[in-house]
Amino acid sequence: MRRILLLDRAVADRIAAGEVVERPASVVKELVENSLDAGARTITVEIEQAGLRLIRVSDDGGGMVPEDAPLSVRRFATSKIATAEDLERVATYGFRGEALPSIAAVSRLELATRPADAESGTRVSVTGGAPPVVTAAGAAPGTVVTVRDLFFNTPARRKFLKSPAREFALITEAVQRLSLAAPEVTFRLRHEGREVLIYPAAAPRERLAQVLGRDLADAMAPVRGGGAAPGGITVAGWAVRPERARPTRTLDYLFVNSRPIQSR
């Protein structure tokens, strides 16, 4: 008869990480969402080896004070909710406080952050979910999160990844979805030191042209409806004219409260 045992914290954290970090694109999504929640106006994503060797997301957002920086890599630590009632009115991308600790459990993570009004910054380093190492450091205003050697301590996870080209395509798609959700933010994506895309901050129609191409954007018309009744739902967006419609859903993008949603 096998006995029930409590898992070691490190093992439990690696298992929990699987709920958040499926592949490199998951890391990019979570980090970029954190940057948007921090009020960033410029976000740069740097990738090496389709994200397995390096993922770095830099922003010019609010940054974190020295007391908060180490808390950001602890599970269920968040600045975005405080009570159960807050769950009914979440207006941010992330709120569970799981992204950074989950990523840190399966990588070598380093976070450098500084508020604009602080003289110095804070560096937090975590390897494979080990206790964080916190030091003072020089840093530009905002936050830079560097993730190296993704899945180095869970090699079985790498076997389920697609080809490098496919994994990078998924990263690109994640950046494009978030850029459509936040057209007022400048996005840059670099791969192996080469700038793959840059979307300067723009009006929504111009952002459509940046991501989907000018011809398709020019063939789209704004749509809006609902919202008349108290508490009603407002639907707004852009739809392609019937003569330019496509037989696939490849370019269908759905957002709920500005959050990208994928649902068949």
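Details of the structure are given in the entry above.
Here the structure is a predicted model, which means the values were calculated and not measured.

Draft legend 1. Up close: the pairing of strand E2 (residues 54-59). Of all the 6 residues making up E2, 6 are buried; the element is thus mostly covered by neighbouring parts of the structure. Strand direction decides the pairing type here: strand E1 (residues 42-48) and E2, joined by 6 bridges, are antiparallel. In the strand pairing of E2, Ile47 is matched with Ile55. Hairpin connection between E1 and E2: a loop of 5 residues separates the two successive antiparallel strands, and Gln49 in this loop has a positive phi of roughly 50°.

Draft legend 2. Region of interest: a nonpolar patch on the surface. Taken together, the side chains of Leu254, Val256 and Ile261 define a hydrophobic patch exposed on the protein surface, amounting to about 220 Å² of accessible area. For Ile261, the location among the structural elements is in strand E12 (residues 259-261).

Draft legend 3. The arrangement of the packing of helix H2 (residues 24-37) against helix H5 (residues 164-181) in detail. Contact geometry of H2 with H5 gives a least axis separation of 8 Å together with a crossing angle of 20°. One element, H2, and the other, H5, form an angle in the roughly parallel class. Crossing angle aside, the handedness with which H2 passes H5 is right-handed. On H5, the residues that touch Pro24, Ala25, Val28, Lys29, Val32, Glu33 and Leu36 of H2 are Glu167, Leu170, Ile171, Ala174, Val175 and Leu178. Residue composition of the contact of H2 with H5, by class: 10 nonpolar, no polar and 3 charged.

Draft legend 4. Representation of the pairing of strand E6 (residues 142-148) in the model. A large share of E6 lies buried, amounting to 5 of its 7 residues. Pairing between E2 and E6: 6 bridges, direction antiparallel. When the sheet's bridge partners are listed, Arg56 is paired in E6 with Thr146. As judged from the 7 bridges shared by strand E3 (residues 108-114) and E6, these two strands associate in the antiparallel manner. If you follow Ala112 over to E6, its bridge partner there is Val144.

Draft legend 5. Local environment of the packing of H5 against helix H6 (residues 204-212). In contact at an axis separation of 9 Å, H5 and H6 are set at 170° when each is read in the N-to-C sense. Judged by the inter-axis angle, H5 sits roughly antiparallel to H6. On the side of H5, the interface is formed by Gln176, Ser179 and Leu180, while H6 contributes Arg207, Leu208 and Val211. Here the residues of the contact of H5 with H6 are counted per class, giving 3 nonpolar, 2 polar and 1 charged.

Draft legend 6. Seen up close, the sheet that holds E3. Strand order in the open sheet formed by 8 strands is E5-E4-E3-E6-E2-E1-E7-E8, and the pairing between neighbours is mixed. Each edge of the sheet is formed by a strand with only one pairing partner; in this case those strands are strand E5 (133-137) and strand E8 (194-199). Taken over all neighbouring pairs, the strand axes of this sheet differ in orientation by 15° on average, direction set aside. Sheet topology places E3 next to strand E4 (residues 121-127); 6 bridges connect them, and they run antiparallel. Pairing of Thr113 across the sheet is with Thr122, part of E4. Together, E1, E2, E6 and strand E7 (186-191) form the strand contacts of H2, whose direction differs from that of E2 by roughly 10°.

Parameters at a glance
- Residues numbered from 1 in each chain as written.
- Predicted model: local features only at pLDDT ≥ 70, side-chain atom pairs only at ≥ 80, totals over all residues.
- Heavy atoms only, no water.
- Buried < 20%, exposed > 50% of the residue type's maximum accessible area, 1.4 Å probe, protein only.
- Helix = DSSP H or I, 4+ residues; strand = E, 2+ residues; numbered from the N terminus.
- Pairing = 2+ DSSP bridges.
- Patch = residues over 30% accessible without salt bridge, like charges linked within 9 Å, V, L, I, M, F, W, Y side chains within 5 Å.
- Areas by Shrake-Rupley, 256 points an atom, 1.4 Å probe, with all protein chains shown as cover.
- Salt bridge = Lys/Arg side-chain N within 4 Å of Asp/Glu carboxyl O.
- Axes fitted to C-alpha atoms, helices over the stretch in contact; angles between N-to-C directions.
- Parallel < 35°, antiparallel > 145°, perpendicular 65-115°, else oblique.
- Left-handed = near helix turned anticlockwise from the far one by under 90°.
- Contact = heavy atoms within 4.5 Å.
- Nonpolar A, V, L, I, M, F, W, Y, C, P; charged D, E, K, R; others polar.

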